[in-house]
Amino acid sequence: MDNPTPLRLKTARKAAGFTQQQLGIALGMEPNTASARMNQYEKGKHAPDYLTMQRIAKELNVPVAYFYCDDDLLAEVICAVAKLEGTERKRLLKSINLTM
């Protein structure tokens with residue numbers, strides 16, 4: 001599988017309602033270079049470092065693991081579980097462990 005990060009970044013950005021420039025500016029990039037920089041990340045020409053990806057994930061309200069997961073279904077599960085409260089996560093994990 002190709003690197004999932006560029007497509008996931010674009011998908012999450014659009015789902016959050018950001019343009020490339022808006023997201024870049026929200027991350028503290030210069031307005032005149034924000035769009036081009038985000039475009040390079042989405043095209044896979046450059047990859048953001050992990051700390052930048054953490055900031056992107058926070059801004060887009062998705063877990064950072066979503067961008068790196070190489071299985072599409074598991075990436076969806078990661079996002080769904082991330083939306084649960086801590087006690088719900090623990091209950092889910094316990095339930096999964098019981099079925100294994």
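Relevant structure appears above.
Report on the accompanying structure. Keep in mind it's a predicted model, so treat the numbers as computed, not measured.

1. Things to note about the pattern of salt bridges
Reasoning step 1: Tallying each qualifying case throughout the model produces 2 salt bridges.
Reasoning step 2: The closest approach of N and O atoms between Asp72 and Arg8, which form a salt bridge, is 2.6 Å. Placement of Asp72 in helix α6 (residues 72-82) and of Arg8 in helix α1 (residues 5-15) is noted, with a sequence separation of 64 residues between them.
Reasoning step 3: With relative accessibility at 47%, the residue Asp72 sits in the partly exposed group.
Reasoning step 4: Given the relative accessible area of 7%, Arg8 is considered buried.
Reasoning step 5: Between Arg13 and Glu42 there is a salt bridge, with the nearest N and O atoms lying 2.4 Å from each other.

2. Regarding unusual backbone geometry
Reasoning step 1: A positive phi is found at Asn61, a non-glycine position, where the angle reads about 60 degrees.
Reasoning step 2: Turning to its location among the elements, Asn61 is positioned in the loop between α4 (50-60) and α5 (65-68).
Reasoning step 3: The exposure class of Asn61 is exposed, given its relative accessible area of 69%.

Conventions used here
- Residues numbered from 1 in each chain as written.
- Predicted model: local features only at pLDDT ≥ 70, side-chain atom pairs only at ≥ 80, totals over all residues.
- Heavy atoms only, no water.
- Salt bridge = Lys/Arg side-chain N within 4 Å of Asp/Glu carboxyl O.
- Helix = DSSP H or I, 4+ residues; strand = E, 2+ residues; numbered from the N terminus.
- Buried < 20%, exposed > 50% of the residue type's maximum accessible area, 1.4 Å probe, protein only.

None of this, on its own, says anything about what the molecule does.
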